[in-house]
Structures are given as structure tokens and as C-alpha cells.
Amino acid sequence: MTELTLIPAKDTGTAIPAEPFIGQHLIDGVWTDSADGAGFDRNSPAHGDLISRSAKGGVAETEAAITAARRVFDLGDWAFSSGQARAKILLKMADLIDENRDHIALIETLESGKPITQAKAEIEGAADLWRYAAALARTLHGDSHNSLGADMLGVVLKAPIGVVSIICPWNFPFLIVSQKLPFALAAGCTAVVKPSELTPSTTVILGQLLQQAGLPAGVVNIVLGHGDPVGAVMSTHDAVDMVSFTGSTAIGRQIVKAAGDTLKKVSLELGGKNPQVVFPDADIEAAADAITFGVYFNAGECCNSGSRIIVHEDIAEALTAKIVALSRQVPFGDPLNPATQVGAIISSDHQARIDGYVKDARAEGARVVLGGDRLSISSLTGAFYQPTVIADVTANMAIAKEEVFGPVLSVLTFRDPGEALALANDAAYGLSAGVWSRNVHTCLDFARRVQAGTVWTNTWMDGFAELPFGGVKQSGQGRELGRYGLEEFLEVKTVQMRVNRGRDPWVKTR
Ligand code: NAD
């Protein structure tokens, strides 16, 4: 594998902190350890060094956090605060995130293994979401009905849904919590937040910044720890009104069942097996670059990973060759080095899972054109995986249907547009999809027919605060971002008002 571009651990200019980051729970405005003193550690998946020591929440801490969020919501001070007041705090948060970008990004990189430049961009993107949510807080309104008759006025209020449990994954820890929390706060909700046990610390920093921004105690509570028991209690407790979850489809399914007993609203952002269809008239250079970005960004540990391409058979060899050539030039290596574009895999267990998919595909007859194994990078002890391109993949193989969550691209081929669409839709997932063609009709027809929450035409993985994001099929339910992202956290309440006496009496008095 000497022909790859590898970045060893040296000359990064950024030191790993000598002392680990200490994380506590934030419950009702107070930072606290667990009552039983339990804790857990996180080591850098790239370097092996101890990065953080966190309190490990149990049932008691989770219930205390939910109780605080419930009490503060029911008190009404926050829920009935003006949009202006809430926006002021959200805007202050955005500024504080910007001011603390480098500190947050460093911890994010060290816990997740992602490149430092990407972590910085992610923190900047998160600040933008807090700003956007502030705008929504100012413009939130319902409807009025002035055409119900002379004696009746109808008002549709948008009210905060209540206490929201926010459960997040490890792949974009700071960004994903920022796709949820500022929108929930803009709506007037209170929240309990649980980051992944693999990346807890930047959510703790978020809590510290919320306090600096002047958020009242108990509006946002943070509990660190594992899915069982913290996430499980957050999904079942009867004082919680809604669960907003991002993570795997398997856990999403469990959450729907757990939340069913109390009929909580559940919004889910889950996995994907996102296809890009490349027609023969596409701009092949642009497609090859975007496909390379789409599969290696965040080491493929991305719900939007463009992990399978469906290419017209006439151009499949040429396009695959271009992708392989580009793949060799993508710098894999030390996440602390600003030159690195792909960092470490989140854990050695996950590295083994990725490798299992590749080995199974090979055994089933697929052709590994590039990579296909673990990657060693000099002076780094952590888990890395080679950029991997697999051709001759057929629709029945697990690698064509299941989320690999690694830097692994599957190449399938098609003969006619109907076959391309059928292959694209042949997955339980429906998060995102892409189409490459110079013919606008080809693109529009595909965009309308493909089963996905987001479709990119002649591009891949752009995202905007203004545009809603979410999946269909087993990729989720509900939407984040845009105005829809706020609506998720709002309940509709109808108020019907009699104007004057109006109606004939129901009881006909003599
Ligand atoms: P995961 O499902 O293993 O864990 C997500 C969170 O759920 C973690 O905080 C975990 O502690 C918690 N959890 C675990 N068991 C639980 C339970 N029984 N009840 C409640 N909470 C529980 O996912 P992950 O490995 O952290 O993240 C990777 C997955 O997330 C991938 O499938 C990826 O596609 C998905 N994802 C989706 C989006 C999206 O927007 N659609 C974005 C990012 C990640």
C-alpha cells in the first residue's frame, strides 16, 4: 500500500493535552458526578492517549435530569419567554462557539479520530445552526382563521412540545446536537441531552457555554453514559414528551418500542446506504471527485456516506479507474495534522466490522480494486482502514445493502435508467441519493422517483441550515433543519373563540 498518501504522527503543531478532560453531568444547573462515583474513560482512537474521564450516569442521574427539565418546563418561565429573549441566548451561544472553536475542535478530533480541519469546519457549521435557530425563534408563529363566521375566531397556536430527550451518536458529536438542541430551545422546550459514550466531552463544553450564554438552570440537562441505562430511561420516562434520536437503525427501532408505552413523539435520524447513479453523459471528472469525497469524508463514518455507486456499464471501468487514482491521493493519517483528510476509525471493534464486510464481499465474488484491509500508519497506534474500492458488487450482497460505515465504496453497474432506479431503491434505507447527468430531465426524473429524503443532482453532500434533512423508509422519521426542524418541537393547539353571543342557545328555554 505504499502508493497511498499517508500522514504520520509528527510535526502537527498541536499537542495532546497532558491531563484528560473531566466531564460531569449537568443537572438543574449544577455540575455533578454520579452518586455511586462511576466513571468511564475515552482514549484517542488515532493515538491511544487518554483523552477524557467522564461521570457514568445511572438511573438516578437520568431521572434527576428529567425531573429538572419537567419542573422547569411546567413552571413556564422558559416556555413562555419571548422569542426575542430566547434568540438572544441562541445568538450568544453561536458567538461563544465561534470563540471556542479551536478548543472544541481539538477535543472532538481526539475523541472521534476525525481530521482537525474537518472538526473546525464542523464547529463553525454548528455555530451557524445556533444563529439560524435564533432567527426561527423570532419568526415562530401559528395561524388565524377569520372566515369561520361573524361570531367565531379561530387561532392555531404553536406551542413547545415539552421535555425533549436528545440522544446523539459519535460521528458528528457537536454538529448533531446542534441540529437538535437550538431548534428545541427556539421552540421553548426543555431538554435532557445524552452524547455518545465514545464522544462525551464536547457536549459538556456545550453545557458550559450554555451557562455562560445565560440559559436558566434546568432548561438543558446533560447526562453522560451508555444507552443502557441512560438512553433507555430517557426513552421510557413518563415525564418526557418527545425523543429526538440520531444513531443506528437498530437502536432507533428499540427506541420506538420503548417510547410506545407512553406514546411519546419520536423523531429519528438513522442509517443510510446512499446510492449515486452515474449516467454515461455525466461530467466524469466532477463525479469521480465527488464520489471520492462522499465515500472517504469522516472515514466513511457518515450517515450520508455515498457508499454505493450505480454506474452505466459503458463508463464503469473508466470511472472506477479515476476514483482509484484519486483515492491514492487522499491523505489518510494523523487527525491532528492539518494536511490529513481522513483520520482514524472510531474503535478497533468498528474497524473489525468494516473488515468483515469487505472479506464477505470478496468471498461472495466481488473484486477489491483498491485497499481492502486495515491500515498501519507509522508512529500511530490507533485503528485505520485503507481506502477501499470494490467492483463487481451485485445487489444481493450485504455490502450493497447494509451500512458499512467505513471508507469502502461498492460499484454496481446498470444498462438502462429503469434498472438504475430499481437498484437505487433496492435498500431498506432511504436517507439520501445522487444522480450524475448533463441532461436535466434525467436528473429530475430520478430525483422525483428515488426513495430518499434528500437528492443531490451533479453534487454530493452539500448541506444548509435552511434545508430540511431526514430519511424515508428505515432511515428515519421526522426532519431536522430548516423550518421543519423547528416544527418537530412544536405542538399545534387550536383555540376557538366566540365573538359576541352569536349562536342560538342549545337549550330552548320557553
Ligand atoms: P448507536 O445507535 O449505537 O448509538 C447512538 C446513541 O444511542 C448513543 O448515544 C448510544 O449510547 C445510544 N443508545 C444505545 N442504546 C440505546 C438504547 N437502548 N436506548 C437509548 N439510547 C441508546 O449509533 P452510533 O454508533 O453512535 O452512530 C452511528 C449510527 O448513527 C449510524 O447508523 C449512522 O448512520 C447514524 N447516523 C445517522 C444520522 C442521520 O442524520 N440520519 C447522522 C449521524 C449518524
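Residues numbered from 1 in each chain as written. Predicted model: local features only at pLDDT ≥ 70, side-chain atom pairs only at ≥ 80, totals over all residues. Heavy atoms only, no water.

K.L.:
Any chance you could break down the overall build of the protein chain for me, citing the residues and the numbers?
P.N.:
Helix and strand counts for the protein chain come out as 15 helices and 25 strands. Expected size for 510 residues packed as a compact globule is a radius of gyration near 24 Å; at 25 Å, the protein chain falls within 12% of this value. Across the 510 residues in the protein chain, those meeting the buried criterion constitute 56%. Of the roughly 20,900 Å² that the protein chain leaves accessible, carbon and sulfur atoms contribute 52%. Distance between charge centroids for the protein chain: 7 Å, based on 44 positive and 57 negative side chains. (Helix = DSSP H or I, 4+ residues; strand = E, 2+ residues; numbered from the N terminus. Rg over C-alpha atoms; globule rule 2.2 N^0.38 Å. Buried < 20%, exposed > 50% of the residue type's maximum accessible area, 1.4 Å probe, protein only. Areas by Shrake-Rupley, 256 points an atom, 1.4 Å probe, with all protein chains shown as cover. Lys, Arg positive; Asp, Glu negative; His and termini not counted. Charge placed at Lys NZ, Arg CZ, Asp CG, Glu CD.)

K.L.:
Tell me about the environment of R71, and please be specific about residues and values.
P.N.:
Mapped onto the elements, R71 comes out in helix α1 (residues 59-75). The partly exposed category is assigned to R71, whose relative accessible area is 42%.

K.L.:
Quick one: what's the story with the state of the cysteines, residue by residue and with numbers?
P.N.:
Taken as a whole and assessed by the stated rule, the structure comprises 0 disulfides. Left unpaired, C168 is separated from the closest cysteine sulfur, that of C303, by 12 Å. Unpaired in terms of disulfides, C189 finds its nearest cysteine sulfur in C168, a separation of 15 Å. (Disulfide = S-S within 2.5 Å.)

K.L.:
Tell me about the pairing of strand β15 (residues 308-312), and please be specific about residues and values.
P.N.:
Most of β15 sits out of view: 5 of its 5 residues are buried. Residue alternation in β15 divides its side chains into two sets, R308, I310 and H312 and I309 and V311, and both sets are buried. Two strands pair when backbone bridges link them, and strand β14 (residues 275-278) and β15 are joined in this way by 4 bridges, in the parallel orientation. The residue of β15 that forms the bridge with V278 is V311. Crossover connection from β14 via helix α9 (residues 284-296) to parallel β15: handedness right-handed. (Pairing = 2+ DSSP bridges. Right-handed = clockwise from strand over helix to strand, strands pointing away.)

K.L.:
I'd like a description of the site of the ligand, backed by residues and values.
P.N.:
Residues in contact with the ligand amount to 29 residues; listed here are only the nearest, C168, E197, S248, L270 and E403. In this structure, G227 approaches the ligand through a main-chain N or O atom, which is 3.4 Å from an oxygen atom. Separating a nitrogen atom of the ligand from a side-chain N or O atom of Q254 is a distance of 3.2 Å. Burial of the ligand by the protein amounts to 88% of the accessible area it has alone, namely 850 Å². Secondary-structure elements contributing two or more residues to the shell around the ligand are α7 (227-236), β12 (242-246) and α8 (249-260). Top element by residues in the shell around the ligand is α7. It accounts for 4 residues. Among the domains, domain 1 (11-270 + 475-494) and domain 2 (275-457) are the pair contributing at least three residues each to the shell around the ligand. (Near = heavy atom within 4 Å. Polar contact = N/O pair within 3.5 Å; in protein donor to acceptor, adjacent residues only side chain to side chain. Domains from an automatic or database assignment.)

K.L.:
Please give an account of the domain arrangement of the protein chain that cites residues and values.
P.N.:
If you check the domain split of the protein chain, you get domain 1 (11-270 + 475-494) and domain 2 (275-457). Here the C-alpha centre of domain 2 lies 31 Å away from the C-alpha centre of domain 1. Note on domain 1 versus domain 2: buried area summed over both sides is about 2,200 Å², and carbon and sulfur give 60% of it. Taken together, the connections running from domain 1 to domain 2 amount to 0 salt bridges. The tally of links between domain 1 and domain 2 comes to 13 residue pairs in polar contact (both at pLDDT 80 or more). Considering every element that reaches the side of domain 1 that touches domain 2, the biggest residue donor is helix α3 (residues 101-112), with 5 residues. Across the side of domain 1 that touches domain 2, the residue classes break down as 11 nonpolar, 12 polar and 5 charged. (Buried area = accessible area lost by both parts, 1.4 Å probe. Salt bridge = Lys/Arg side-chain N within 4 Å of Asp/Glu carboxyl O. Nonpolar A, V, L, I, M, F, W, Y, C, P; charged D, E, K, R; others polar.)

K.L.:
Can you lay out the side chain of T388 for me, pointing to particular residues and giving the numbers?
P.N.:
If you trace the backbone, T388 turns up in strand β18 (residues 388-391). Residue T388 is classed as buried on the basis of its relative accessible area, which comes to 0%. In this structure the side chain of T388 is engaged in a polar contact, spanning 2.9 Å, whose partner is the backbone nitrogen of G372. Setting aside chain neighbours within four positions, we find T388 in contact with Y296, V358, V368, L370, G371, G372, D373, P407, V408 and L409. (Contact = heavy atoms within 4.5 Å.)

K.L.:
Can you lay out the pattern of salt bridges for me, pointing to particular residues and giving the numbers?
P.N.:
Counted according to the given criterion, the structure contains 23 salt bridges. D41 is the salt-bridge partner of R53, the closest N and O atoms lying 2.8 Å from each other. With R53 in strand β6 (residues 50-55) and D41 in strand β5 (residues 39-43), the pair connects residues that are 12 residues apart, well separated along the chain. Using a relative accessible area of 38% as the deciding quantity, one classes D41 as partly exposed. D426 is the partner of K401 in a salt bridge, and the nearest nitrogen-oxygen pair spans 3.2 Å. You can see K401 sitting in helix α12 (residues 398-401) and its partner D426 sitting in the loop between α13 (417-425) and β20 (429-430), a full 25 residues away along the chain.

K.L.:
Kindly report on the nonpolar core, identifying the contributing residues and their values.
P.N.:
Ranked by size, the top nonpolar core spans 134 residues in total, and within it W130, L181 and V278 carry the most contacts. Broken down by element, the residue count for this core peaks at 12 residues, all from helix α4 (residues 116-139). Counting contributing residues per domain, this core is built from domain 1 (11-270 + 475-494) and domain 2 (275-457), each supplying no fewer than three. If we skip the residues at most four places from it in the chain, W130 touches L90, M93, A94, I97, S178, L181, P182, L185, L206 and L210. Membership of the second largest hydrophobic core comes to 22 residues, among which are I27, V192, V223 and A259. (Core = buried A, V, L, I, M, F, W, Y, C linked by side-chain atoms within 4.5 Å.)

K.L.:
Before we move on, could you go through the sheet that holds β6 and cite the residues and values that matter?
P.N.:
One open sheet accounts for 3 strands, arranged β2-β6-β5; its pairing is mixed. The open sheet has two edge strands, β2 (21-23) and β5, and neither has a second partner. For this sheet, the mean angle separating the axes of adjacent strands, direction not counted, is 20°. As paired strands, β5 and β6 are joined by 5 bridges and run antiparallel to one another. Within β6, the position partnered with F40 by the bridge is S54. Set on the sheet, α3 makes contact with β2, β5 and β6; between it and β6 the angle comes to about 95°. Running over the sheet, helix α6 (residues 201-212) touches β2 and β6 and is turned about 70° from β2. (Axes fitted to C-alpha atoms, helices over the stretch in contact; angles between N-to-C directions.)

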